[in-house]
There are 2 protein chains.
Amino acid sequence: MTKRAPKSIVKRLPIYLRVLDGLISREVEIVSSRVLSEETGFTAEQIRKDFAYFGAFGTRGTGYNTEYLRSKLLRIIGLDRQTKLVVVGAGLLGKALTRYNMLKNPYVDVAGIFDANPAEAGSEIGSLKIRPMKDMPAVIKEQQVKVAMISVPAESAQQVVNDLVDNGITAILNFAPTKLKVPQNIHVHNADLTNELQSLIYYVIEDKEELRSNSK
Amino acid sequence: MTKRAPKSIVKRLPIYLRVLDGLISREVEIVSSRVLSEETGFTAEQIRKDFAYFGAFGTRGTGYNTEYLRSKLLRIIGLDRQTKLVVVGAGLLGKALTRYNMLKNPYVDVAGIFDANPAEAGSEIGSLKIRPMKDMPAVIKEQQVKVAMISVPAESAQQVVNDLVDNGITAILNFAPTKLKVPQNIHVHNADLTNELQSLIYYVIEDKEELRSNSK
DNA sequence: CTGCCTATGTTATTATATTAACAAGGTCGT
DNA sequence: ACGACCTTGTTAATATAATAACATAGGCAG
């Protein structure tokens with residue numbers, strides 16, 4: 001059994017990847033942890049430690065070869081092969097997510113987008129047709145899709161997740177504002193935009209601050 | 001100077017709030033940390049510790065009064081007064097975010113949505129008109145808006161943020177896939193959906209796992 | 001009013017994550 | 001080929017967060 005990397009590191013890997021993509025497109029061949037620090041906002045020490053967790057990717061005195069490091073990160077994250085995913089819920093958010101990933105995320109393939117509302121079914125996002133929910137199991141099984149994004153109302157989220165898991169989905173990005181119950185081996189990432197906004201509001205500088213902090 | 005609560009706690013506060021809203025709408029008057037644990041997925045100990053950080057809100061032997069706890073959380077997060085916000089970038093994502101918050105987030109008020117593309121300006125989201133970027137400073141200043149959500153392309157994000165900060169914004173929820181440079185007193189939360197998806201992919205169960213973990 | 005029960009709030013322990021210090025391995029000029 | 005310099009990779013120290021253990025206070029029955 002392979003050991004998973006600490007969550008804190010995994011969270012940063014895609015950010016390294018994006019910065020590397022930028023450097024490579026500007027034809028930068030070597031990059032130091034200090035430069036990566038400027039680009040990412042993380043400290044150089046932390047960056048070196050993150051990479052070191054997976055092995056020694058750099059050359060001392062010089063830095064990291066951008067192409068090589070990128071290939072390693074792709075492999076580590078699991079983006080060295082195209083990842084198929086389905087989107088459930090074709091409201092505005094679902095459409096936005098689908099189109100964004102089709103256009104801008106070269107590492108993933110949207111295998112299908114589904115909606116419970118028959119009125120939505122048939123309309124298109126780019127070249128992709130929105131399909132009725134009943135088509136979902138076949139698509140997941142035939143294409144062996146493992147990843148799903150769900151952007152349905154909170155009320156229907158749990159039922160949707162149950163169906164997804166039953167059909168073989170093992171990783172879920174959940175935009176519905178609700179806690180999902182799933183078997184232990186299924187991974188759920190919550191991307192609740194309301195929560196993000198509300199916790200941000202905590203940090204807004206206000207004039208009166210009585211109860212907002214520990215007063216002991 | 002008041003001390004800010006640990007980030008880890010702040011992140012959970014909106015989740016407690018949502019669960020409480022649900023309980024109150026079902027007319028539950030008292031709730032224990034154990035029940036909250038079931039609803040949120042956090043441990044009961046952690047929940048008690050989180051609340052205790054801000055004071056003693058429960059009654060021993062009984063639990064927490066839902067209404068009272070809710071009012072405390074609202075005050076702590078800063079949602080006891082309506083929060084105004086602006087949205088910059090009226091692409092599909094910007095529209096989705098705006099409409100969602102107008103309909104489903106009772107604690108915030110969308111003061112305006114802006115887009116650089118004149119073609120978008122004039123079209124409506126609910127009763128709210130998309131306005132050209134040049135109107136943005138006046139709206140922020142006149143309504144003293146402190147919070148902004150940005151969903152513009154990565155290339156223009158930094159310029160937009162500079163403008164926002166110049167006009168008085170102090171907290172930013174950033175959906176653009178780029179690292180923003182801001183003064184120290186400005187808070188940025190990154191909600192990069194590509195990152196979320198990619199780090200989720202790390203956890204997809206694959207057949208072959210060679211380099212994906214520390215092999216020392 | 002007394003004692004048992006329950007759930008909170010606090011203190012202690014452990015685990016995780018970040019920061020800092022340093023040693024080791026390359027490069028490059030001379 | 002040698003030495004100064006640079007940047008990585010590793011080890012140590014600190015800080016933060018999560019878990020566990022426990023003591024405290026209120027409710028309620030008899």
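Residues numbered from 1 in each chain as written. Chains lettered and ligands numbered in written order. Predicted model: local features only at pLDDT ≥ 70, side-chain atom pairs only at ≥ 80, totals over all residues. Heavy atoms only, no water.

Draft legend 1. A look at the pairing of strand E8 (residues 171-174) of chain B. All names here are of chain B. Burial along E8 is two-sided: Ala-171 and Leu-173 facing one way and Ile-172 and Asn-174 facing the other are all buried. Relative to E8, strand E7 (residues 147-150) runs parallel, the two sharing four bridges. Bridging from a neighbouring strand, Ala-148 pairs with Ile-172 of E8. In this fold, the crossover linking E7 to E8 by way of helix H7 (residues 154-166) has right-handed handedness. Bridging between E8 and strand E9 (residues 187-190) involves four bridges; their strand directions are parallel. Within E9, the position partnered with Leu-173 by the bridge is His-189. (Buried < 20%, exposed > 50% of the residue type's maximum accessible area, 1.4 Å probe, protein only. Helix = DSSP H or I, 4+ residues; strand = E, 2+ residues; numbered from the N terminus. Pairing = 2+ DSSP bridges. Right-handed = clockwise from strand over helix to strand, strands pointing away.)

Draft legend 2. The interface of chain B and chain A, seen in detail. Taken together, the contact between chain B and chain A spans 75 residues of the former and 75 residues of the latter. In total, chain B and chain A occlude about 7200 Å² of area from one another, counting both sides; carbon and sulfur atoms represent 61% of this. Arg-18 of chain B is the salt-bridge partner of Asp-192 of chain A, the closest N and O atoms lying 2.8 Å from each other. In this assembly, chain B and chain A are joined by 10 residue pairs in polar contact (both at pLDDT 80 or more). (Contact = heavy atoms within 4.5 Å. Buried area = accessible area lost by both parts, 1.4 Å probe. Salt bridge = Lys/Arg side-chain N within 4 Å of Asp/Glu carboxyl O. Polar contact = N/O pair within 3.5 Å; in protein donor to acceptor, adjacent residues only side chain to side chain.)

Draft legend 3. Quick peek at the protein's contact with DNA strand C. Around DNA strand C, the structure places 24 residues, and the nearest of them are Arg-60 of chain A together with Ser-33, Gly-58, Gly-61 and Tyr-64 of chain B. Near-protein atoms of DNA strand C (within 4 Å) split between backbone and bases, with sugar and phosphate holding 65%. Within the side chain of Arg-12 of chain A, a nitrogen or oxygen atom sits 3.1 Å from a phosphate oxygen of DNA strand C. Within the backbone of Gly-61 of chain A, one N or O atom sits 3.3 Å away from a base nitrogen of DNA strand C. Secondary-structure elements contributing two or more residues to the surface near DNA strand C are helix H1 (7-25) and helix H3 (44-54) of chain A together with helix H3 (44-54) of chain B. (Near = heavy atom within 4 Å.)

Draft legend 4. Structural detail: the nonpolar core. Ranked by size, the top nonpolar core spans 100 residues in total, and within it Phe-51, Phe-54 and Leu-197 of chain A together with Phe-51, Phe-175 and Leu-197 of chain B carry the most contacts. In terms of nonpolar packing, the next biggest core, distinct from the first, is built from 21 residues, Met-136, Val-139, Val-145 and Val-165 of chain B among them. (Core = buried A, V, L, I, M, F, W, Y, C linked by side-chain atoms within 4.5 Å.)

Draft legend 5. How the structure looks around the relation of the copies chain B and chain A. Between the two copies, chain B and chain A, the superposition gives an RMSD of 0.0 Å; the rotation angle is 180° and the shift along the axis is 0.0 Å. In short, the pair behaves as if placed about a two-fold rotation axis. In this assembly, 100% of the residues forming the interface of chain B have copies in chain A that are likewise at the interface, indicating an isologous arrangement. (Least-squares fit on C-alpha atoms with pLDDT ≥ 70 in both.)

Draft legend 6. Representation of the sheet that holds strand E5 (residues 124-125) of chain B. Spatially, seven strands are ordered E5-E6-E4-E3-E7-E8-E9 (chain B) in an open sheet, and the strand pairing comes out mixed. Of all the strands in the sheet, the pair left with one neighbour each is E5 and E9 of chain B. Note: strand E4 (residues 108-115) of chain B against strand E6 (residues 128-132) of chain B, three bridges, orientation parallel. Bridge assignment links Ile-113 of chain B to a residue of E6 of chain B, and that residue is Ile-130 of chain B. Here helix H8 (residues 193-202) of chain A sits on the sheet in contact with strand E3 (83-88), E4, E7, E8 and E9 of chain B, set at roughly 160° to E8 of chain B. Packing against the sheet, H7 of chain B makes contact with E3, E7 and E8 of chain B, and its axis sits at approximately 170° to E7 of chain B. (Axes fitted to C-alpha atoms, helices over the stretch in contact; angles between N-to-C directions.)

Draft legend 7. Spotlight on the protein's contact with DNA strand D. Inspection of the region around DNA strand D gives 23 residues, with Ser-33, Gly-58, Arg-60 and Tyr-64 of chain A together with Arg-60 of chain B positioned closest. Sugar plus phosphate: this is where 68% of the atoms of DNA strand D within 4 Å of the protein reside. Within the side chain of Ser-33 of chain A, one N or O atom sits 2.6 Å away from a phosphate oxygen of DNA strand D. Residue Tyr-64 of chain A places a side-chain N or O atom 2.8 Å away from a phosphate oxygen belonging to DNA strand D.

Draft legend 8. Expanded view of helix H6 (residues 136-143) of chain A. All names here are of chain A. Of the residues making up H6, those classed as buried are Met-136, Val-139 and Ile-140. Viewed along the axis of H6, the buried residues span an arc of 95°, placing them on a single side of the element. Facing away from the buried side of H6 by more than 90 degrees, the exposed set consists of Lys-141 and Glu-142. Buried positions along H6 lie against strand E3 (83-88), strand E4 (108-115), strand E6 (128-132) and helix H7 (154-166). Gln-144 lies just past H6 and shows a positive phi near 50°. (Arc of directions from axis to C-beta.)

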